[in-house]
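Observations on the three-dimensional arrangement
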Amino acid sequence: MKTEFNIIKVDFVKWFKSDKQFITFFSFIFFYMYVLNPISICSDILEEPINILEPFLVIVGNGFCVPIIMFTFLVLTIDFPDISCNSTFLLLRSGRIKWYRSQILFIILSSIFFMLAVFLFCSLSSMSNAYFANIWSNEAKLMSSPQYEELSDEYPLTVIDLSIINNYSVITAFIYAVFLIILHLILTAQLQIVLTLCYLT
């Protein structure tokens, strides 16, 4: 277990310090310009505060934003597994099974950390006019209603699907969204690792 921990630690430090992390910055700029800032604008227009969890739910439930999340994470993990001299030494020292298991744990850890960064960015960008409760805000309900169709058409990336609002509480929707998006990231990154290993061998 100590060997696996050392492999995960080495990979995570390389991943965190990677020069490809700049793409996370550009992704966050996109989220702010087209999702988070418009949510604040709509909140001001409707004079209704938002639930602090809703901006994150808008992003992970949006057909335009999810591919950006996936693409960003894939770019961040494209250099892994790292088959360098040090990594080869760790592979030989730990054995293939432990090494591969450590790669799976690394992907799980990095995906959780990545989505935590997305959540914190969404929350910090929206906290000036937000509250925390297990109820949907009036802003989210109004933006999904036909009454404000013109406003939702003007800011289409700010709308939460009405079926989600009607069938799930905020916290339940948040838990499902986090679980599904992290699972998606893990499976996609794992496929990338397998293809990389097949190419190298």
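Just so we're clear, the structure is a prediction, and the values are computed from it rather than from any experiment.

1. Comments concerning the overall build of the protein
Per the secondary structure count, the protein includes ten helices and two strands. When the elements of the protein are put in sequence order from the N terminus, they spell out α-α-β-α-α-α-α-β-α-α-α-α. Out of the 201 residues belonging to the protein, those deemed buried represent 42%. Look at the contacts in the protein between residues 6 or more apart in sequence, and 86% of them connect residues 24 or more apart.

2. Here we look at a nonpolar patch on the surface
A cluster of nonpolar residues, F132, Y168, I171, I175, Y176, F179, L180, L183 and L187, forms a patch on the protein surface that exposes about 930 Å² of accessible area. Residue position: F132 is located in the loop between β2 (130-131) and α7 (138-143).

3. Digging into the layout of surface pockets
If you add up the space inside the largest pocket, you get close to 360 Å³. Forming the walls of the largest pocket are 19 residues, and the residues nearest its centre are L57, V60, G61, I164 and A177. Among the secondary structure elements, those contributing two or more residues to the lining of the largest pocket are α3 (54-60) and α10 (170-200). When residues in the lining of the largest pocket are grouped by element, the largest group, six residues, is from α10. Residue composition of the lining of the largest pocket, by class: 14 nonpolar, four polar and one charged.

4. Re the packing of aromatic side chains
Counted by the stated rule, this structure contains 15 aromatic pairs. Ring geometry for F22 and F26: centres 5.9 Å apart, planes at 85°, overall edge-to-face. Of the two residues, F22 and F26 are both situated in helix α2 (residues 22-46); the distance of four residues between them amounts to about one turn of the helix. Neither residue differs from the other here; F22 and F26 are each classed as exposed. Between F30 and Y34, the ring centres sit 4.9 Å apart and the planes meet at 40°, which makes this aromatic pair tilted. With F30 and Y34 both in helix α2 and four residues apart, the pair spans about one turn of that helix.

5. Thoughts on the environment of A133
Residue placement: A133 occurs in the loop between β2 and α7. Residues A133 and I52, 81 residues apart in the sequence, show an inter-C-alpha distance of 8.3 Å. Every residue in contact with A133, bar those within four places of it in the chain, is listed here: N51 and V170.

What counts, and where the lines are drawn
- Residues numbered from 1 in each chain as written.
- Predicted model: local features only at pLDDT ≥ 70, side-chain atom pairs only at ≥ 80, totals over all residues.
- Heavy atoms only, no water.
- Helix = DSSP H or I, 4+ residues; strand = E, 2+ residues; numbered from the N terminus.
- Buried < 20%, exposed > 50% of the residue type's maximum accessible area, 1.4 Å probe, protein only.
- Contact = heavy atoms within 4.5 Å.
- Patch = residues over 30% accessible without salt bridge, like charges linked within 9 Å, V, L, I, M, F, W, Y side chains within 5 Å.
- Areas by Shrake-Rupley, 256 points an atom, 1.4 Å probe, with all protein chains shown as cover.
- Salt bridge = Lys/Arg side-chain N within 4 Å of Asp/Glu carboxyl O.
- 1 Å grid on protein atoms, 1.4 Å probe; cavity = no way out; pocket = protein on both sides within 12 Å on 5 of 7 lines; lining within 4 Å.
- Points joined across faces, edges and corners; volume = space filled by probe spheres on them.
- Nonpolar A, V, L, I, M, F, W, Y, C, P; charged D, E, K, R; others polar.
- Phe/Tyr/Trp six-rings, centres within 6.5 Å; stacked < 30°, edge-to-face > 60°.

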